[in-house]
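Given next are the chains, with one letter for each unit.
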Amino acid sequence: MPRNLALIVAAGRGHRVGGPLPKQYRMLAGRPVLAHTITAFADHSNIDAVRTVIHPDDETLYRESVDALENGLRNKLLAPVNGGVTRQDSVRLGLESLAQDAPNAVLIHDGARPLVTQEVVSRTLDALAENTGAIAALPLSDSLKRASDDGAFIAGDVARAGLWRAQTPQTF
């Protein structure tokens, strides 16, 4: 089994976005979003393989997405596995698919987040030298407000100090 493996979770339906296709299969710059996401990891020199967790009904959409990849990147792909009802179920099923010959590091990333940079991937991997896990995160810059019990009014401010927006990959 590969040393560092990216687990791309792409089994969601994207109901909040609406439309006929889940967001990971919509087109972005001429390719499916999922193709961009997989490329971000498969093209990284420290990622040995990529496994995608897909919805059981999306086999054709997945194949169309990986057909958009360059041959060299397709060589890093492991067979996809089916996900579950929730993201947590899908992550669990993806991890269980790796259990027989577990990699040293797993990076869990959302299939609908195609703009992850090589630097972010590298930084989460580098963090494993001194930690058992790492996530990508952004400090909060927006003003935060707490609503009144009925949600009709601002009841107060929430201090941003020490608050971060968790992102993916989540690496361990």
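A brief look at the structure comes next. Counting starts from 1 at the beginning of each chain's written sequence and moves along it residue by residue. Totals for whole chains, interfaces and linings use every residue, but because this is a predicted model, local features are given only for residues with pLDDT of at least 70 and side-chain atom pairs only at 80 or more, for both listing and counting. With hydrogens and water excluded, all non-hydrogen atoms of the structure serve as input to the side-chain values.

### Let's talk about the pattern of salt bridges
Part 1 of the argument: Counted as salt bridges are all cases of a side-chain nitrogen of Lys or Arg within 4 Å of a carboxyl oxygen of Asp or Glu. Enumeration according to the criterion identifies eight salt bridges in this entry.
Part 2 of the argument: Of the charged contacts in the structure, one is a salt bridge between Arg92 and Asp89, with a shortest N-O distance of 3.9 Å. A residue pair is termed a helical-turn pair when its members lie 3 or 4 positions apart in one helix, as Arg92 and Asp89 do in helix H4 (residues 87-96) at three residues.
Part 3 of the argument: Relative accessibility decides the category of a residue: with a 1.4 Å probe and only protein chains considered, values under 20% of the type maximum give buried, values over 50% give exposed, and everything between is partly exposed. Assessed through its relative accessible area of 40%, Arg92 is described here as partly exposed.
Part 4 of the argument: On the accessibility criterion, Asp89 (23% relative accessible area) is partly exposed.
Part 5 of the argument: Asp110 is the salt-bridge partner of Arg113, the closest N and O atoms lying 3.1 Å from each other.
Part 6 of the argument: Taking relative accessible area as the criterion, Asp110 reaches 15% and is therefore assigned buried.
Part 7 of the argument: Several salt bridges converge on common partners, so that one network encompasses Arg87, Asp110 and Arg113. In this description a helix means any DSSP run of H or I spanning at least four residues, a strand means any run of E spanning at least two, and both kinds are numbered starting from the N terminus.

### Points about unusual backbone geometry
Of all residues except glycine, most have a negative phi; of all peptide bonds, most are trans.
Part 1 of the argument: Along the chain, Thr168 connects to Pro169 via a cis peptide bond; the corresponding omega equals 20°.
Part 2 of the argument: On the secondary structure map, Pro169 appears in strand S10 (residues 164-171).

### Considerations on H4
Part 1 of the argument: Residues of H4 that are buried: Ser90, Val91 and Gly94. Buried residues of H4, seen end-on, are gathered within an arc of 100° and therefore sit on one face of the element.
Part 2 of the argument: On its buried face, H4 is in contact with strand S1 (4-10), strand S4 (49-54), strand S5 (81-82) and strand S6 (105-110). Throughout, the arc means that of the directions going from the helix axis to the C-beta atoms. By definition, residues are in contact when any of their heavy atoms lie within 4.5 Å.

### Some words on the environment of Val66
Part 1 of the argument: Structurally, Val66 is set in helix H2 (residues 59-67).
Part 2 of the argument: When residues no more than four places from it in sequence are discounted, the contact partners of Val66 are Ile38, Arg74 and Leu77.

### Here we look at H2
One turn of the α-helix equals 3.6 residues, which is why residues spaced by three or four share an orientation.
Part 1 of the argument: All buried positions along H2 are accounted for by Tyr62, Ser65 and Val66. What you see down the axis of H2 is that its buried residues fit within an arc of 90°, all on one side. Opposite the buried face of H2, at more than 90 degrees from it, the exposed residues are Thr60 and Asp67.
Part 2 of the argument: On the buried face of H2, the contacting elements are strand S3 (31-32), helix H1 (33-42), S4 and helix H3 (71-74).

### Looking at the sheet that holds S4
By definition, the strands of a sheet pair up through backbone hydrogen bonds, in either a parallel or an antiparallel sense.
Part 1 of the argument: Strands sit in the order S5-S4-S1-S6-S10-S7 across an open sheet of six strands; the sheet is mixed. Of all the strands in the sheet, just S5 and strand S7 (134-139) have a single pairing partner and so form its edges.
Part 2 of the argument: At least two DSSP bridges between two strands are required for those strands to pair. As defined by bridge partners, S4 adjoins S5 across two bridges and the pair is classed as parallel. Across the sheet, residue Ile54 finds its bridge partner in S5, namely Asn82.

### Examining the environment of Ala161
Part 1 of the argument: Here Ala161 lies in the loop between strand S9 (154-158) and S10.
Part 2 of the argument: For Ala161 and Asp67, which are 94 residues apart along the polypeptide, the C-alpha to C-alpha distance reads 45 Å.

### Remarks on the nonpolar core
Part 1 of the argument: In terms of nonpolar packing, the biggest core is built from 23 residues, with Ile38, Phe41, Val50 and Tyr62 touching the most fellow members.
Part 2 of the argument: Secondary-structure elements contributing two or more residues to this core are S1, H1, S4, H2, S6 and helix H5 (118-127).
Part 3 of the argument: With six residues, the single largest contributor to this core is H1.
Part 4 of the argument: Excluding its chain neighbours within four sequence positions, the residues that come into contact with Tyr62 are Tyr25, Leu34, Ile38, Thr52, Ile54, Leu77, Leu78 and Pro80.
Part 5 of the argument: What we call a nonpolar core is a set of buried Ala, Val, Leu, Ile, Met, Phe, Trp, Tyr and Cys residues that are connected through their side-chain atoms within 4.5 Å. In terms of nonpolar packing, the next biggest core, distinct from the first, is built from 11 residues, Leu5, Leu7, Val9 and Leu98 among them.

Just geometry here; none of it tells us what the structure is for.
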